Amino acid sequence: MNASVSSSVTPIGAAVRRKEDHRFITGKGRYTDDMDRPGQAYAYFVRSPYAHARIRHIDATAAKAMPGVVDVLTGADLATDGLGDLICGWMIHSKDGSPMKMGSHPALAKEKVRYVGDHVAVVIAETLNQAKDAALAVEVEYELLPAVADLATATDGEQIHECAPRNTAFEWELGDKAATEAAFARAAKVTSIDIVNNRLAPNAIEPRAAIGEYDSGDEAFTLWTTSQNPHVARLVLSAFVGIAPENKLRVIAPDVGGGFGSKIFIYAEETVCTWAAKKVGRPVKWTGDRSEAFLSDAHGRDHITHAELAMDEAGHIIGFRVHTRANMGAYLSTFASSIPTYLYATLLSGQYAIPAIYCEVDAVYTTTAPVDAYRGAGRPEATFLLERIVEKAARERGEDPAEFRRRNFIKSFPHQTPVIMCYDAGDYVASLDKALEVADYKGFPARRAESERNGKLRGIGLSAYIEACGIAPSAAVGSLGAGVGLWESAEVRVNPTGNVEVLTGSHSHGQGHETTFAQLVSARLGIPIDQVSVVHGDTDKVQFGMGTYGSRSGAVGMSAIVKALDKVEAKAKKIAAHMLEASEGDIEFKDGRFTVAGTDRSLAFAEVALNAYVAHKFPTSEIEPGLKEGAFYDPTNFTFPAGCHICELEVDPETGVVEIKSFVAIDDFGEIINPMIVEGQVHGGIGQGIGQALMEGVTYDEDGQLVTGSYMDYTMPRAGDLPSFTVGMTQTRCPSNPLGIKGCGEAGAIGAPPAVINALTNALGTEDVPMPATPSRVWAIAQARASRLAAE
Amino acid sequence: MYAFDYQRPDAIAAAAAILSADPEAKALAGGQTLLPTLKQRLAQPTALVDLSRIPELSGICATTEGVSIGAMTRHADVAASELVRAAIPALADLAGMIGDVAVRNRGTIGGSLANDDPTADYPAAVLALNATVVTDRRSIGASDFFRGLFETALKEGEIITRVDFPKVEKAGYAKFRNPASRYAMAGVFVAKTAAEVRVAVTGAGQSGVFLWTEAGDILSSDFSVQAVSGLALDPSNLMSDLHGSAEYRAQLAKVMLKRALASITG
Ligand SMILES: Cc1cc2nc3c(=O)[nH]c(=O)nc-3n(C[C@H](O)[C@H](O)[C@H](O)COP(=O)(O)OP(=O)(O)OC[C@H]3O[C@@H](n4cnc5c(N)ncnc54)[C@H](O)[C@@H]3O)c2cc1C
């Protein structure tokens, strides 16, 4: 709404247009593939065509002799150089206390390949085409082993990792088993459900890419890479893979075209490019193509779950019991183990007061691409399960699902759930009521009757989701097995002329930080937003940071900026006091001016900034010159965004086509910095959520070949598939960070799938509707329904 | 992509000469199928013979029988053509349903027919309308032209120059899009002349586009939606894949037939 606002001070809560969009839309963004380094060579990976095989022998002699080939490197070369494996940074212990079984994951395969697309060798050549030509000439002798492509039977399949019998990485539990059993023993009614949470491909618009460079003078590496968290990439490549010490490894994540989680992880490709740059003495560039993305970007979701919900006579939920089998793929990716555990089971209480919960999760290897965080990461799986079973329970009780939810909502805060989380604030009744009203829930029966007259089946479905964002505090995640702390850093550099650079450890790859972070500083310091630049994504500029995922950049990243701004203001006040010859305690800072309280004597922010650098008017023995402050912010808790989504849809029983008639999302994200950006995040999330519900699904055949390897077969949601969303807000302030914000990046992807499937099960009159509910599947279900009705 | 020579002749004879002399050379029309194939290194032609600068290959003209469309005519131009719309409105509609705007602005009718993708749209129109595919060597009737999956009657180096569509009394096309690719999962073209009704189905058959003769026969005697309401398509020769079973495709063909008819009969 406020384009004109950009040259003036922008209050928090203003819908400022995104500063970065002009650059992106006019093609002036700088992505990794846009960069070329002098003398650069190109990498192309020889990938396994088989899901599971022993490598008997690799012969690269012919390939090395091909035109333009600089070198061909294999796992043996990695071993010679003593490079460590790729790691999973979150330790999970099984029920029996044993640590998770982390199968060895070399960046280039050694004895075995474990999924189609696994990295066997890298060819480095003068041109990409020469590298591709030579890749065909690398002779690999494989001894085929049975693929383990089916999650349901994977524990009985051929063993994939020596360390993991029954292909099990861990068997983990959370909650009070005895209390839960007791609840079921006295339950008046039990509802059970079997759920498959479909596997998704992340589909960032920019494929992954990397350029590694080695400066033999400085003995230092630089890696440009498509990363959501360059500092974590540096840490892993340094401390675990052992490419170089951190002070000799600079990681730059420039403009990044989307990630949805898939660019959190440290992959083989960037590892190899960095290491190889020194080996061949040339910068080495790799840009993935879309086929490689489908094969080797970490996928998301992929659970099979059986769950039961226990209720008392009056319809209060008294217990929840869950057993999930989670697909890890062939290797434990960077944060894979945390996703089906601490980001999943901890959310199983949802918005409900459930006194007893017990969850078991078996993490299982298969010969498929690794599975890790994808937008929502664990929380969509939890929400889908809970919101499906709650809906089913209400229907089985013959009760309005909205009322069943209302009865069971948590209504006072803070609320300690039986699964670790302590919710700090929320008002679930408010978002439900608003959603019911906006969706005209009462008018549904009339609309359904109208659809019926047109030969269509209409359904309505709710989802009352909660998510935990921020992933913090550090000590808490540390006690749960995280290998890192999950705070964030910020530095506010005020220049002598009063404009500002904000350095942040968060990383923007579509979220609009250049706008919202600048907006925050503009509002706080009273300077125009275009005088604030946001610097991120370079380990040489920003000292350290944890990156962007889990909707943490607002709640954690911006809070760190607030802390740094507090320090800037405090110091500037001291300087202003000297300049105004007043006592520090009398200085007030408001609207960009320092004023001596009760007088008209004041200074503009820029005047104080200049004076901080010329240092003429204060004793430098007491106050250091300059105006630059840093902060590390560790939150006191997760944040708990929540909301209610309602989907209404129509099924054409002749073709199985589902048309979403309306989608209402009422979210409580706490305080809002920029409502336009928040809405954008919600829209994108809902789009992906509807995609999961109706369209998307990664499919492997029984030989472990990827069937959905391109957009010819993997259905991405398109604008035309989606309705115009009705987005609204309720608001409870988040008490655990200074801005009162909760995070909004994943809510849509979390809340939407159960709303859609609840609407579809409502329309079709059966609880058994798998995701993705493609037209052919829906048609088959509608057919069965019709024959059932005919028989009755 | 592998290296290849690029040629851009300005006459059909010159193009034909290059293509006949080198069996590994390939004609390039809109490139919407050929270029992705090359990018994925699934083909390695020695030369591409770009047909875009041969004036006789483009353009649409009215004929005494109906309408003639040059092989290099883009889908977007067919969709927007007054001549096509006047003669066979369903054909213009079909062209407007192919792919997306970018594809329609590049892709050509000649390329689509030469490629004969079993899920492409044009084959259904050509077969149902009983059009004639004219090449630099001969004229091929629609029923002889399509020979199976990606197979046509075209000989090595033969160039489609135009397609002659006879005017019909009524025609309609209904397409059910594959949710991922947006090609046809079942596309049904119905064409009615004074003598007969022809129904062609694309997207569903195991060996590409085919005539649904049973539907045509029934409609020839009673041209109405009701006439085919009890009709079912035998799924045994239909495709079955990730996106739907043969039974589902049979169902879609039936529904698309009804919808194509409804679009004509009102
Ligand atoms: C994203 C996308 C979506 C699409 N969706 C659809 C769809 O919904 N429906 C549909 O029908 N199609 C669809 N297509 C295909 C599109 O219609 C293509 O244009 C068409 O299949 C090929 O035409 P072309 O002109 O691009 O041919 P090219 O790709 O240039 O050539 C295709 C083949 O035909 C040969 N050839 C070309 N012209 C001649 C000629 N005059 N004589 C002899 N041989 C010739 C070439 O040598 C080559 O082998 C889609 C394509 C894309 C990329």
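Residues numbered from 1 in each chain as written. Chains lettered and ligands numbered in written order. Predicted model: local features only at pLDDT ≥ 70, side-chain atom pairs only at ≥ 80, totals over all residues. Heavy atoms only, no water.

1. A look at the site of the ligand
All names here are of chain B.
Moving on, step 1. What surrounds the ligand is a group of 29 residues, the closest being Ala27, Gly31, Leu34, Thr108 and Asp121.
Moving on, step 2. Within the backbone of Gln32, a nitrogen or oxygen atom sits 2.8 Å from an oxygen atom of the ligand.
Moving on, step 3. In isolation the ligand offers 970 Å² of accessible surface; the protein chains occlude 89% of this area.
Moving on, step 4. When contributions to the shell around the ligand are tallied by element, the ones reaching two or more residues are strand S2 (26–28) and helix H7 (109–115).
Moving on, step 5. The leading source of residues in the shell around the ligand is H7, at four residues.
Moving on, step 6. Split into classes, the residues belonging to the shell around the ligand amount to 13 nonpolar, eleven polar and five charged.
Moving on, step 7. Per-domain counts for the shell around the ligand show at least three residues from each of domain 1 (1–50) and domain 2 (170–265). (Near = heavy atom within 4 Å. Polar contact = N/O pair within 3.5 Å; in protein donor to acceptor, adjacent residues only side chain to side chain. Areas by Shrake-Rupley, 256 points an atom, 1.4 Å probe, with all protein chains shown as cover. Helix = DSSP H or I, 4+ residues; strand = E, 2+ residues; numbered from the N terminus. Nonpolar A, V, L, I, M, F, W, Y, C, P; charged D, E, K, R; others polar. Domains from an automatic or database assignment.)

2. Quick look at the domain arrangement of chain A
Residues and elements named next belong to chain A.
Moving on, step 1. The domains assigned to chain A are domain 1 (38–145 + 208–287), domain 2 (303–471 + 637–791) and domain 3 (487–633).
Moving on, step 2. A C-alpha centroid distance of 36 Å is found between domain 1 and domain 2.
Moving on, step 3. On the side of domain 2, 27 residues touch domain 1, which itself brings 27 residues to the contact.
Moving on, step 4. Carbon and sulfur atoms supply 65% of the area that domain 1 and domain 2 bury against each other, a total of about 2200 Å² over both sides.
Moving on, step 5. Considering only the side of domain 1, the residues that lose the most area to domain 2 are Trp90, Phe260 and Phe265, jointly responsible for 27% of the buried surface there.
Moving on, step 6. Our enumeration of links across domain 1 and domain 2 arrives at one salt bridge.
Moving on, step 7. In this structure, Lys95 and Glu360 form a salt bridge, with 2.6 Å as the shortest nitrogen-oxygen distance.
Moving on, step 8. At the junction of domain 1 and domain 2, the tally comes to ten residue pairs in polar contact (both at pLDDT 80 or more).
Moving on, step 9. Of the residues assigned to the side of domain 1 that touches domain 2, the class counts are 15 nonpolar, seven polar and five charged. (Contact = heavy atoms within 4.5 Å. Buried area = accessible area lost by both parts, 1.4 Å probe. Salt bridge = Lys/Arg side-chain N within 4 Å of Asp/Glu carboxyl O.)

3. A closer look at the sheet that holds strand S13 (residues 300–311) of chain A
Residues and elements named next belong to chain A.
Moving on, step 1. With mixed pairing, the five strands of this open sheet are ordered in space as S7-S15-S14-S13-S8. Each edge of the open sheet is held by one strand with a lone partner, namely strand S7 (168–175) and strand S8 (189–200). The average angle at which neighbouring strand axes cross in this sheet is 10°, direction not considered.
Moving on, step 2. The sheet contact formed by S7 and strand S15 (residues 357–365) spans seven bridges and is antiparallel. Its bridge partner being in S15, Thr168 is matched across the sheet by Val364. (Pairing = 2+ DSSP bridges. Axes fitted to C-alpha atoms, helices over the stretch in contact; angles between N-to-C directions.)

4. Here we look at the domain arrangement of chain B
Moving on, step 1. The assigned domain composition of chain B is domain 1 (1–50) and domain 2 (170–265).
Moving on, step 2. Its C-alpha centre places domain 1 of chain B at a distance of 34 Å from the equivalent point of domain 2 of chain B.

5. Some points on the pattern of salt bridges
Moving on, step 1. Going through the model one piece at a time under the given rule, you end up with 66 salt bridges over all chains.
Moving on, step 2. Between Arg166 of chain A and Asp156 of chain A there is a salt bridge, with its nearest N and O atoms 3.3 Å apart. Placement of Arg166 of chain A in the loop between strand S6 (139–144) and S7 and of Asp156 of chain A in the loop between S6 and S7 is noted, with a sequence separation of ten residues between them.
Moving on, step 3. Residue classification places Arg166 of chain A among the partly exposed residues on the basis of a relative accessible area of 47%.
Moving on, step 4. Given a relative accessible area of 63%, Asp156 of chain A falls into the exposed group.
Moving on, step 5. Here Arg182 of chain B ties to Asp721 of chain A by a salt bridge, and the two come within 3.0 Å at their closest N and O atoms. Here the residue Arg182 of chain B occupies a position in the loop between strand S11 (170–177) and strand S12 (184–192), and Asp721 of chain A occupies one in the loop between helix H17 (675–695) and strand S28 (726–729), the pair thus bridging two chains. (Buried < 20%, exposed > 50% of the residue type's maximum accessible area, 1.4 Å probe, protein only.)

6. Examining the packing of aromatic side chains
All names here are of chain A.
Moving on, step 1. With the rule as written, the count across this model stands at 26 aromatic pairs over all chains.
Moving on, step 2. Taken together, a centroid distance of 5.9 Å and an interplanar angle of 45° make the contact between Trp487 and Phe544 tilted. With Trp487 in the loop between helix H13 (474–479) and strand S19 (488–494) and Phe544 in the loop between strand S21 (532–535) and helix H15 (553–580), this residue pair connects regions lying 57 residues apart in the sequence. Grouping residues by exposure puts Trp487 and Phe544 together as buried. (Phe/Tyr/Trp six-rings, centres within 6.5 Å; stacked < 30°, edge-to-face > 60°.)

7. Focus on helix H5 (residues 177–185) of chain A
Residues and elements named next belong to chain A.
Moving on, step 1. Regarding H5, the residues found buried are Thr180, Ala183 and Phe184. Looking down the long axis of H5, one finds its buried residues gathered within 95° of arc, a one-sided arrangement. For H5, exposure combined with an orientation more than 90 degrees from the buried face picks out Ala178 and Ala185.
Moving on, step 2. Against the buried residues of H5 lie S8, S13, strand S14 (317–329) and S15.
Moving on, step 3. The N-terminus of H5 is capped by Asp176, whose side-chain oxygen sits 3.2 Å from the backbone nitrogen of Ala178. (Arc of directions from axis to C-beta.)

8. Description of the confidence of the model for chain A
Moving on, step 1. Predicted confidence across chain A gives a mean pLDDT of 95, with 99% of residues reaching 70 or more.
Moving on, step 2. A low-confidence stretch, residues 1–6 of chain A (pLDDT under 50), is modelled with eight contacts involving residues beyond four sequence positions or located in other chains. (pLDDT = per-residue confidence, 0-100.)

9. Observations regarding the confidence of the model for chain B
Moving on, step 1. The pLDDT averaged across chain B works out to 96; a share of 100% of its residues lies at or above 70.
Moving on, step 2. With a pTM of 0.96, the predicted complex shows an ipTM of 0.95.

10. Some words on the nonpolar core
All names here are of chain A.
Moving on, step 1. The biggest cluster of nonpolar side chains holds 162 residues, and the ones touching the most others in it are Phe320, Leu348, Leu649, Phe663, Leu694 and Leu760.
Moving on, step 2. If you tally residues by element for this core, the top one is helix H18 (residues 747–764), at ten residues.
Moving on, step 3. The contact partners of Leu348, leaving out residues within four places of it in the chain, are Phe320, Val322, Ile354, Ile357, Cys359, Ala382, Leu385, Leu386 and Val419. (Core = buried A, V, L, I, M, F, W, Y, C linked by side-chain atoms within 4.5 Å.)

11. Overview of the pairing of strand S11 (residues 249–252) of chain A
Across a regular strand the side chains alternate sides, sitting on one face of the sheet and then on the other.
Residues and elements named next belong to chain A.
Moving on, step 1. Pairing of strand S10 (residues 220–225) with S11 involves four bridges; the strand directions are parallel. Paired with Trp224 across the two strands is Ile252, which belongs to S11.
Moving on, step 2. A crossover links S10 with its parallel partner S11, the connecting element being helix H6 (residues 230–240), and its sense is right-handed. (Right-handed = clockwise from strand over helix to strand, strands pointing away.)

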